[in-house]
Amino acid sequence: MTEAPTRAVDHRGLAEPDATAPKTAVITGTSAEFDAAELTPRQINLELRRLLYTEGISEVSLRNPGAKHSLAVGLLTRCRLTIGGSLGYFGCGLIDGPEIHITGRVGWSVAENMMSGVVVIDKNAGSLTGAALRGGDLVVRGHVGARTGIDQKGGTIIVGGNAGSMTGFMMQRGRQIICGNVGQGLGDSMYDGAIYVGGEVASLGVDCVEAEFTEADQELIDRKFAIYRMPQPDRFRKFVCGQKLWNYDNLEPSERKLVL
């Protein structure tokens, strides 16, 4: 009696080194669907790459992701991906072009370093949502955790519910539109960009100030919310950088020599 082959596993939690695409997807024309319940994260990602890059599929349905981590990362082509369930940490990171719809919730750092495309999440998202986002739209219909849009460099983040503390921390460019309340330290140390809040703000971070809300701001919000068919609050407040951190006027002479 022969023993079943064992699967090589990296016990540090990393991907198994010898994984191959399982080729379990059912392909119909330019569409495909597959069940990820019995697959490892690396197998899922390899199957996605096989479908998109080798088979020329433009629309994929992924079922039963099981809240696994690091799924649908590094996809650099135009496509539509529907994920029927929830993701763990670092989902949909480093993407450039895809339109991704997640019907469940997601963990930390969803859509980290997204360059372009669209990610829509029907439920809640964890902390660091949209970290270092560079372009595209990231839409969370529920609530988000702390440090949403940390180091954001472009694009638009839309939150249908509340956001945690330090939202917009070190924001460099782009927009955040938050329908609900926001925790302490909004926009702390932000350099540029704009944050719109429909609810209450617990406190503003360093160098974050309220600015005039213009007709152009309202046009932007109306256009985005029409695209994603989301209700919006009666009014928004706008917050931007106060520009006090743009210079080194408060440095001591010894510090100035080091910096300048």
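Residues numbered from 1 in each chain as written. Predicted model: local features only at pLDDT ≥ 70, side-chain atom pairs only at ≥ 80, totals over all residues. Heavy atoms only, no water.

### Digging into the overall build of the protein
Step number 1: Looking only at helices and strands, one finds three helices and 12 strands in the protein.
Step number 2: Here the protein holds 260 residues, and the buried ones make up 47% of them.
Step number 3: A fraction of 27% describes how many contacts in the protein between residues 6 or more apart in sequence connect residues 24 or more apart. (Helix = DSSP H or I, 4+ residues; strand = E, 2+ residues; numbered from the N terminus. Buried < 20%, exposed > 50% of the residue type's maximum accessible area, 1.4 Å probe, protein only. Contact = heavy atoms within 4.5 Å.)

### What to know about the nonpolar core
Step number 1: Within the largest apolar cluster, 48 residues are counted, with the highest numbers of intra-cluster contacts made by Phe 34, Leu 81, Ile 102 and Val 119.
Step number 2: No other element matches the four residues that helix α1 (residues 41-54) contributes to this core.
Step number 3: The residues contacting Ile 102, other than those within four sequence positions of it, are Ile 83, Gly 85, Leu 87, Cys 92, Val 119, Val 120, Ile 121 and Asp 122.
Step number 4: Counting 15 residues, the second largest nonpolar core, distinct from the first, contains Val 118, Leu 220, Ile 221 and Met 230. (Core = buried A, V, L, I, M, F, W, Y, C linked by side-chain atoms within 4.5 Å.)

### A short note on the sheet that holds strand β5 (residues 96-102)
Step number 1: Spatially, the 12 strands line up as an open sheet ordered β1-β2-β3-β4-β5-β6-β7-β8-β9-β10-β12-β11, and their pairing is mixed. The open sheet terminates on both sides in strands that have one partner only, identified here as β1 (26-28) and β11 (208-211). Looking at each pair of strands side by side, their axes are set apart by 15° on average, direction ignored. (Pairing = 2+ DSSP bridges. Axes fitted to C-alpha atoms, helices over the stretch in contact; angles between N-to-C directions.)

### Quick look at unusual backbone geometry
What you tend to see is this: most non-glycine residues have negative phi, and most peptide bonds are trans.
Step number 1: At Ala 111, a residue that is not glycine, the phi angle is positive and equals roughly 55°.
Step number 2: In this structure, Ala 111 sits in the loop between β5 and β6 (116-121).
Step number 3: Phi angles above zero are rare outside glycine, and Met 166 is one such case at about 55°.
Step number 4: Relative to the elements of secondary structure, Met 166 occurs in the loop between β8 (153-159) and β9 (173-178).

### Some words on the side chain of Thr 156
Step number 1: Assignment of secondary structure puts Thr 156 in strand β8.
Step number 2: In this structure the side chain of Thr 156 is engaged in a polar contact, spanning 2.9 Å, whose partner is the side chain of Arg 175.
Step number 3: Among all residues touching Thr 156, those that are not within four sequence positions of it are Leu 133, Gly 136, Asp 137, Leu 138, Arg 175, Ile 177 and Lys 224. (Polar contact = N/O pair within 3.5 Å; in protein donor to acceptor, adjacent residues only side chain to side chain.)

### Observations concerning a nonpolar patch on the surface
Step number 1: A surface patch of nonpolar side chains, about 300 Å² in accessible area, is lined by Tyr 89, Phe 90 and Trp 108.
Step number 2: Here Trp 108 falls in the partly exposed class, since its relative accessible area comes to 44%. (Patch = residues over 30% accessible without salt bridge, like charges linked within 9 Å, V, L, I, M, F, W, Y side chains within 5 Å. Areas by Shrake-Rupley, 256 points an atom, 1.4 Å probe, with all protein chains shown as cover. Salt bridge = Lys/Arg side-chain N within 4 Å of Asp/Glu carboxyl O.)

### Let's talk about the environment of Asn 64
Step number 1: Its place among the elements puts Asn 64 in the loop between β3 (59-63) and β4 (80-84).
Step number 2: Separated by 27 residues in sequence, Asn 64 and Ala 37 have C-alpha atoms that sit 5.1 Å apart.
Step number 3: In contact with Asn 64, other than residues within four places in its own chain, are Asp 35, Ala 36, Ala 37 and Gly 84.
Step number 4: A distance of 3.0 Å separates polar atoms of two side chains, one belonging to Asn 64 and the other to Asp 35.

### A word on the packing of aromatic side chains
For any two aromatic rings, the description comes down to two numbers: the centre-to-centre distance and the angle of the planes.
Step number 1: Applying the stated criterion across every chain yields a total of four aromatic pairs.
Step number 2: Relative to Phe 213, the ring of Tyr 196 has its centre 6.0 Å away and its plane inclined at 90°; by these criteria the two rings are edge-to-face. Of the two residues, Tyr 196 sits in strand β10 (residues 194-197) while Phe 213 sits in the loop between β11 and α2 (215-227), which places them 17 residues apart along the sequence.
Step number 3: Since its relative accessible area comes to 26%, Phe 213 is described here as partly exposed.
Step number 4: Aromatic rings pair up to connect Tyr 89, Phe 90 and Trp 108 into one cluster. (Phe/Tyr/Trp six-rings, centres within 6.5 Å; stacked < 30°, edge-to-face > 60°.)

### Focus: the pairing of β10
Step number 1: Going residue by residue along β10, you find Ala 194 and Tyr 196 tucked away on one face and Ile 195 and Val 197 tucked away on the opposite face as well.
Step number 2: Two strands pair when backbone bridges link them, and β9 and β10 are joined in this way by four bridges, in the parallel orientation. In the strand pairing of β10, Gln 176 is matched with Ile 195.
Step number 3: Strand direction decides the pairing type here: β10 and strand β12 (residues 237-241), joined by three bridges, are antiparallel.

### Description of the confidence of the model for the protein
Step number 1: Averaged over the protein, the pLDDT score is 91; the fraction of residues at 70 or greater is 88%.
Step number 2: A low-confidence stretch, residues 1-5 (pLDDT under 50), is modelled with zero contacts involving residues beyond four sequence positions or located in other chains. (pLDDT = per-residue confidence, 0-100.)

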